[in-house]
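Here are the chains, one letter per residue:
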2 protein chains.
Amino acid sequence: MSALDDVARAAGVSTATVSRALSGRGRTSEATRARVREVAERLGYVASATAAGLASGRAENIGVIVPLMDRWFFATVLDGIASRLAPRGYDVTLYNVTDDPAQRRRLFETALRRRRVDAVIVLSVALTDDEVAALGSLGLPVRGLGVPRGELGGPRVDDTAVGRAATQHLRSLGHRDIAHIGQSVAGGGPADPAFDIPSRRRAGFEAEMAASGLTGRFVAGDFTVAGGARAARELLTGPHPPTAIFAGSDEMAYGALTAARERGIRVPADLSIIGVDGHDLADLFDLTTIDQFPHAQGERVADAILAAVTGEAGPAAGGGVPRSAAASGPLPFSLVTRGTTAPPPG
Amino acid sequence: MSALDDVARAAGVSTATVSRALSGRGRTSEATRARVREVAERLGYVASATAAGLASGRAENIGVIVPLMDRWFFATVLDGIASRLAPRGYDVTLYNVTDDPAQRRRLFETALRRRRVDAVIVLSVALTDDEVAALGSLGLPVRGLGVPRGELGGPRVDDTAVGRAATQHLRSLGHRDIAHIGQSVAGGGPADPAFDIPSRRRAGFEAEMAASGLTGRFVAGDFTVAGGARAARELLTGPHPPTAIFAGSDEMAYGALTAARERGIRVPADLSIIGVDGHDLADLFDLTTIDQFPHAQGERVADAILAAVTGEAGPAAGGGVPRSAAASGPLPFSLVTRGTTAPPPG
DNA sequence: CTGAAAGCGCTTACAG
DNA sequence: CTGAAAGCGCTTACAG
């Protein structure tokens with residue numbers, strides 16, 4: 001005696017009709033549908049996700065693989081994803097990936113293979129070849145967001161352009177002695193560094209500097225506040241401190257700000273600093289940054305995965321351009337000029 | 001021809017035996033179990049979560065209701081929860097609750113009733129009576145973390161003590177003119193303000209001030225950086241600015257720091273500021289705070305929910321005190337003295 | 001310890 | 001448009 005039976009009985013129809021009326025799949029007369037829905041509502045009936053999933057093959061659930069949940073950027077992207085999925089009736093289950101090999105094996109070889117999700121979104125994590133293969137063998141749509149690999153489809157920011165834009169801003173203020181704080185490629189990264197986000201930002205920086213006949217310095221941070229502080233201290237205590245720093249993330253920029261403060265170096269009078277992200281607190285720090293709209297990024301990848309799962313072209317019918325093509329264009333970013341950048345001293 | 005059948009065939013046993021060998025439930029000979037596991041491993045077999053869930057009634061999935069996923073505190077707690085659940089084979093599905101009434105109805109009346117989860121954890125959200133009732137009617141274990149209601153069990157910090165400790169620190173430095181930035185009770189909160197976290201912190205503040213025969217001022221922030229800045233501006237531009245501010249959260253304390261900076265008020269020479277949380281960037285801001293170990297809070301509530309779901313007393317056998325009793329004690333907090341607090345001027 | 005069989009609560013061809 | 005029935009892929013009493 002399932003709950004479905006109760007509804008069918010109360011509405012005087014078969015369970016098949018209840019299922020059709022409630023899901024909207026298959027034909028039902030308007031009158032029947034209305035009556036069934038009314039009865040279901042009154043009885044507080046909601047179909048069991050596991051039973052429906054088993055019978056239909058649709059889990060109505062999207063898996064999201066995310067590193068470091070306590071990092072602002074990912075939390076914000078996740079929020080964007082959830083904001084698009086929930087209204088469509090999709091749940092999101094979280095798969096936190098760490099550096100622990102045993103944990104990763106459990107994730108890719110077991111957790112993800114339980115058929116609990118219809119598709120998976122991968123947020124900026126460096127995956128091994130085996131892991132990419134494991135994802136592929138799932139037979140599920142997979143989209144990455146900012147993943148450092150070409151293998152996974154999904155929207156992405158043109159990070160080379162981001163690197164160029166940040167550098168251009170500094171150059172246009174007159175800086176010639178600019179250092180970049182980023183991530184060293186060796187740091188446990190994936191196979192092909194050419195697809196790496198930090199590498200792209202750095203490449204943009206170097207290209208822009210080279211275009212002016214300049215050479216930029218590079219110091220490795222690790223995309224944390226502490227790493228940024230460490231890198232900035234190295235730069236600022238050297239024989240020839242730069243007049244400007246382009247940090248590959250806002251959090252590293254905060255670290256650079258601290259390092260400058262420690263040494264009594266005035267920002268922006270003595271030193272300009274620009275970050276990347278559009279972090280929550282950038283306004284508080286009065287930090288100039290390249291905003292990459294992480295919340296919107298989450299929305300975009302959620303829409304893309306939904307389109308893949310439902311086989312739709314997208315919510316809006318639109319004109320001649322297929323929605324999928326539009327959705328696969330590069331993600332926007334924007335320079336936000338605040339008080340940490342100014343012309344160089346002298 | 002299910003995947004289970006393949007394994008059973010290859011191992012030369014029945015599907016029942018495969019199920020028992022793989023799950024560890026029921027008896028199986030050591031030899032059979034080893035062989036079945038070896039075959040399953042070789043074939044890459046992992047039981048379908050939806051089929052197993054339907055048959056067993058166990059979803060092996062915990063729902064977490066969380067507001068504002070992009071808030072550091074919640075993201076950190078979530079990380080703590082996931083870190084305990086994943087190793088035990090439990091997935092976590094996220095239910096983001098916002099202020100949108102339609103969205104909340106969808107959550108409490110539909111999403112949560114799909115039997116996708118074995119239990120639910122509620123993170124600090126103000127629930128209406130109807131929502132608490134809806135949670136109760138789920139027939140599932142429910143634990144809150146820092147929920148402003150007595151109805152939901154679960155570990156919690158003694159926030160009155162937190163308020164007292166912060167105030168004591170300021171008092172011990174010699175401050176007499178202390179203001180508290182918190183949250184106004186009217187702000188869309190739940191029925192009983194007595195269970196409210198912000199109210200408790202404020203009560204602790206007032207009790208401690210009263211004990212010295214002093215009266216503290218109160219200004220409402222809204223637990224955001226901007227709200228803290230606004231409240232602090234109000235205090236600092238008044239006729240009689242305080243010599244110390246106790247902010248109910250680190251993020252509001254950051255706002256207060258900004259407001260002081262705007263006005264050229266030196267911290268801590270002219271003004272002391274203390275926050276609550278143990279935020280990631282507190283170290284960067286050199287902020288004195290009451291750390292409440294959010295990651296550990298997540299671990300604790302995850303353990304509590306796991307105990308409720310599995311009916312266990314907990315992982316460690318322990319001594320005479322039941323684990324559950326120990327786990328229900330108040331959560332720890334700790335004063336971290338940094339550079340934003342000092343004796344008052346003069 | 002192991003197997004045959006029923007059943008978990010839905011969805012969906014297939015007929016009508 | 002609607003119903004009877006099979007089936008989704010497991011788990012679990014129930015026997016043996």
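Residues numbered from 1 in each chain as written. Chains lettered and ligands numbered in written order. Predicted model: local features only at pLDDT ≥ 70, side-chain atom pairs only at ≥ 80, totals over all residues. Heavy atoms only, no water.

Caption draft 1: Geometry of empty space enclosed by the protein. Per the counting criterion, the structure on display carries 2 cavities of 30 Å³ or more. Around the second largest cavity, the lining residues are Ala49(A), Thr50(A), Gly53(A), Arg58(A), Ala59(A), Arg116(A), Ala49(B), Thr50(B), Ala59(B) and Arg116(B). Those elements that place two or more of their residues in the lining of the second largest cavity are helix H4 (49-56) of chain A together with helix H4 (49-56) of chain B. Considering every element that reaches the lining of the second largest cavity, the biggest residue donor is H4(A), with 3 residues. Residue composition of the lining of the second largest cavity, by class: 4 nonpolar, 3 polar and 3 charged. (1 Å grid on protein atoms, 1.4 Å probe; cavity = no way out; pocket = protein on both sides within 12 Å on 5 of 7 lines; lining within 4 Å. Points joined across faces, edges and corners; volume = space filled by probe spheres on them. Helix = DSSP H or I, 4+ residues; strand = E, 2+ residues; numbered from the N terminus. Nonpolar A, V, L, I, M, F, W, Y, C, P; charged D, E, K, R; others polar.)

Caption draft 2: Here's a closer look at the interface of chain B and chain A. Taken together, the 45 residues of chain B in the interface contact 45 residues of chain A. Here chain B packs against chain A, burying approximately 3900 Å² in sum over the two surfaces, 57% of which is carbon and sulfur. The interface formed by chain B and chain A includes 6 salt bridges. Of the charged contacts, one joins Asp91(A) and Arg116(B) as a salt bridge, the two residues approaching to 2.6 Å between their closest N and O atoms. Joining chain B to chain A, the criterion identifies 19 residue pairs in polar contact (both at pLDDT 80 or more). For the side of chain B that touches chain A, the secondary-structure elements that each account for two or more residues are H4, helix H5 (72-85), strand S2 (91-97), helix H6 (101-110), helix H11 (250-262) and helix H12 (282-285) of chain B. For the side of chain B that touches chain A, the residue count by class is 22 nonpolar, 11 polar and 12 charged. Relative to S2(B), strand S2 (residues 91-97) of chain A runs antiparallel, the two sharing 3 bridges. Across the sheet, the residue bridging to Thr93(A) is Thr93(B), located in S2(B). (Contact = heavy atoms within 4.5 Å. Buried area = accessible area lost by both parts, 1.4 Å probe. Salt bridge = Lys/Arg side-chain N within 4 Å of Asp/Glu carboxyl O. Polar contact = N/O pair within 3.5 Å; in protein donor to acceptor, adjacent residues only side chain to side chain. Pairing = 2+ DSSP bridges.)

Caption draft 3: Here's a closer look at the nonpolar core. Counting residues in each nonpolar core, the largest one holds 73 residues, and the members touching the most others are Ile81(A), Leu94(A), Leu123(A), Ile81(B), Leu94(B) and Leu123(B). Top contributing element to this core by residue count: helix H5 (residues 72-85) of chain A, with 8 residues. In this structure Leu123(A) touches Val64(A), Ile65(A), Val66(A), Pro67(A), Phe74(A), Val77(A), Ile81(A), Leu145(A) and Val147(A), once residues within four positions along its chain are discounted. One finds Phe223(A), Ile273(A), Leu271(B) and Phe285(B) within the second-largest nonpolar core, a separate group that totals 50 residues. (Core = buried A, V, L, I, M, F, W, Y, C linked by side-chain atoms within 4.5 Å. Buried < 20%, exposed > 50% of the residue type's maximum accessible area, 1.4 Å probe, protein only.)

Caption draft 4: The protein's contact with DNA strand C, seen in detail. The local shell around DNA strand C holds 26 residues, among which Ser19(A), Arg58(A), Thr17(B), Arg27(B) and Thr32(B) are the closest. Sugar and phosphate atoms constitute 68% of the interface atoms of DNA strand C, taking the interface as everything within 4 Å of the protein. Contacts to DNA strand C include Arg20(B), whose side-chain N or O atom sits 2.7 Å from a base nitrogen. Within the backbone of Ala55(B), a nitrogen or oxygen atom sits 3.3 Å from a base oxygen of DNA strand C. Going through the elements one at a time, helix H1 (3-11), helix H2 (15-23) and H4 of chain A together with helix H2 (15-23) and H4 of chain B are the ones with two or more residues in the surface near DNA strand C. (Near = heavy atom within 4 Å.)

Caption draft 5: A look at the protein's contact with DNA strand D. DNA strand D sits among 26 residues. The nearest are Thr17(A), Arg27(A), Thr32(A), Ser19(B) and Arg58(B). The protein-proximal atoms of DNA strand D, defined as those within 4 Å of the protein, are 69% sugar or phosphate. Between a sugar or linking oxygen of DNA strand D and a side-chain N or O atom of Tyr45(B), the distance comes to 2.9 Å. Ala51(B) has a polar backbone atom sitting 3.3 Å from a base nitrogen of DNA strand D. Listed by contribution, the elements that provide at least two residues to the surface near DNA strand D are H2 and H4 of chain A together with helix H1 (3-11), H2 and H4 of chain B.

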